[in-house]
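Residue-level structure breakdown
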Amino acid sequence: MGIKLSNFEMSSQGFLGRVDHIYASNSTLVTVQNDYQYRWDAPSLYQSHLISYDLDLVNGKVNYVGQISVEGHIQNSYWIDHYDGYLRVVTASFWPMHNRLFVIESNPQNDQMKVVGSITENLGKVDETVKSVRFNGTFAYVVTFVQTDPLYTIDLSNPKNPTIIKYEEEPGYSTYLHVWGAPDRLIGLGIAEDQRTLKISAYITGTGEPVDTYFIGPKEQDVWHYGYSEALWNPKAILVDAEKNIFAFPVMTWQPLMIADQYGYQYKFVAEYYIFRFNFDAASPDDIIGEPIIIRHDELGYYTPIERGTYISFSDGLTTSEIIYTLSYQQMISYDLSIPFDPNNPT
């Protein structure tokens with residue numbers, strides 16, 4: 001539904017079905033319905049049904065463009081993109097695993113949509129499924145995983161002939177990719193090979209491998225732990241601004257205690273908020289990811305995660321302050337980014 005605020009005139013479009021995911025930009029809205037059809041005599045069929053609308057923001061109108069079904073399921077809105085008149089989507093099928101990319105063209109004269117370009121093979125090794133997707137203009141970046149993390153760089157400059165141009169591999173995988181300032185610079189947040197340690201990687205696409213990786217967990221190598229973050233599955237938990245050089249997110253780490261505490265608990269939850277800064281122009285690739293600022297909330301024997309962090313900047317006319325506020329169920333802790341961080345006393 002579109003509403004023109006000057007006179008509250010409404011425009012709407014309706015359809016029968018359900019919505020699993022929505023992609024929206026200033027000009028386009030796409031709904032996705034994932035369908036599954038079991039077949040006893042052939043591999044089961046996974047399909048994504050897409051319905052596309054044009055958004056007229058000036059007049060507050062919604063205009064139907066067309067609809068199409070493509071093979072495979074779309075897992076979230078990052079797997080969809082609209083650029084230069086073309087809809088681009090990545091899909092994944094299961095049992096057996098199969099990943100695909102489709103470039104779709106619409107014809108406003110007859111409400112028809114058709115696939116004009118695709119990659120239906122070699123987007124991932126055998127049994128690898130898609131973990132994250134990022135479209136950026138004429139490029140797409142796709143991470144697949146089964147034992148290692150291949151990052152595929154796909155050239156979409158010719159919509160009718162999308163081409164895999166680079167393949168970069170590292171242990172573990174990224175669940176979220178973010179373009180950092182320049183088209184060939186990426187930040188990846190995900191899981192290390194041990195499946196219990198978080199990692200953040202910096203990529204210069206085309207170098208053949210991530211240029212720097214930071215692992216989030218206890219520094220002692222023999223300490224068992226399990227770390228996770230809401231940011232792994234919900235990008236809204238990430239505080240990110242490339243211009244201010246901030247990439248931050250909450251981390252919860254579960255660590256056992258050698259001796260039970262006074263309440264009988266034999267483990268503890270460590271709630272922390274990591275703030276990363278990057279320097280892709282560093283002399284050494286190992287210095288691209290700087291040591292993070294870590295805001296730690298009080299340790300308790302029960303689940304008390306940091307829910308969110310927020311950035312606030314203000315000036316008194318003479319100086320400018322940049323403050324990160326973090327909130328959990330029991331605390332709110334702020335940190336002034338102008339103060340040098342002491343890793344021996346995270347606060």
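Look up: the structure comes first, before these words.
Residues numbered from 1 in each chain as written. Predicted model: local features only at pLDDT ≥ 70, side-chain atom pairs only at ≥ 80, totals over all residues. Heavy atoms only, no water.

This part takes up the overall build of the protein. Helix and strand counts for the protein stand at zero helices and 26 strands. Relative to its full complement of 347 residues, the protein shows a buried share of 46%. Residue pairs in contact within the protein that sit at least 24 positions apart in sequence constitute 47% of those at least 6 positions apart. (Helix = DSSP H or I, 4+ residues; strand = E, 2+ residues; numbered from the N terminus. Buried < 20%, exposed > 50% of the residue type's maximum accessible area, 1.4 Å probe, protein only. Contact = heavy atoms within 4.5 Å.)

Backbone hydrogen bonds hold the strands of a sheet together, and the pairing may be parallel or antiparallel. Across the sheet, four strands lie side by side as β15-β16-β17-β18; this open sheet has antiparallel pairing. Pairing within the sheet leaves two strands with one partner each, and these edge strands are β15 (173-179) and β18 (212-216). Here the strands of the sheet are splayed against their neighbours by 20 degrees on average, with no regard to which way each runs. Pairing of β15 with strand β16 (residues 185-191), which is carried by six bridges, proceeds in the antiparallel orientation. (Pairing = 2+ DSSP bridges. Axes fitted to C-alpha atoms, helices over the stretch in contact; angles between N-to-C directions.)

For the structure on display, the rule yields 15 aromatic pairs. A centroid spacing of 6.0 Å and a plane angle of 50 degrees characterise the contact between Phe 94 and Trp 95, whose relative ring orientation is tilted. The class for Trp 95 is exposed, based on a relative accessible area of 70%. In textbook terms, an aromatic cluster arises when at least three aromatic residues are bridged by ring pairs, as seen for Trp 180, Tyr 214, Phe 247, Phe 249, Tyr 274, Phe 276 and Phe 278. Between the NZ or CZ atom of Lys 131 and the centre of the ring of Tyr 173, over which it lies, the distance is 4.8 Å. (Phe/Tyr/Trp six-rings, centres within 6.5 Å; stacked < 30°, edge-to-face > 60°. Lys NZ or Arg CZ within 6 Å of the ring centre and 35° of its normal.)

Within the secondary structure layout, His 98 lies in strand β9 (residues 98-107). Expressed as a C-alpha distance, the spacing of His 98 and Gly 124, which sit 26 residues apart in the sequence, is 7.9 Å. Excluding residues that lie within four positions of it along the chain, His 98 makes contacts with Thr 91, Ala 92, Ser 93, Thr 120 and Glu 121.

Let us look at a nonpolar patch on the surface. A cluster of nonpolar side chains, Met 1, Ile 3, Leu 5, Phe 8 and Met 10, forms an exposed patch at the surface whose accessible area comes to about 630 Å². Among the structural elements, Met 10 can be located in strand β2 (residues 9-11). (Patch = residues over 30% accessible without salt bridge, like charges linked within 9 Å, V, L, I, M, F, W, Y side chains within 5 Å. Areas by Shrake-Rupley, 256 points an atom, 1.4 Å probe, with all protein chains shown as cover. Salt bridge = Lys/Arg side-chain N within 4 Å of Asp/Glu carboxyl O.)

This next bit is on the sheet that holds strand β26 (residues 332-336). With respect to topology, three strands assemble into an open sheet ordered β24-β25-β26, the strand pairing being antiparallel. A strand with exactly one partner marks an edge of an open sheet, and here the two such strands are β24 (306-315) and β26. Here the average twist between neighbouring strands, direction ignored, is 20 degrees. Looking at chain direction, strand β25 (residues 320-328) and β26 are connected through five bridges and run antiparallel. Along β26, the bridge assignment pairs Thr 326 with Ile 333.

A separate point is the side chain of Thr 197. You can see Thr 197 is positioned in the loop between β16 and β17 (198-204). Among residues more than four places away in sequence, those in contact with Thr 197 are Gly 190, Ile 191, Ala 192, Phe 215, Ile 216 and His 225.

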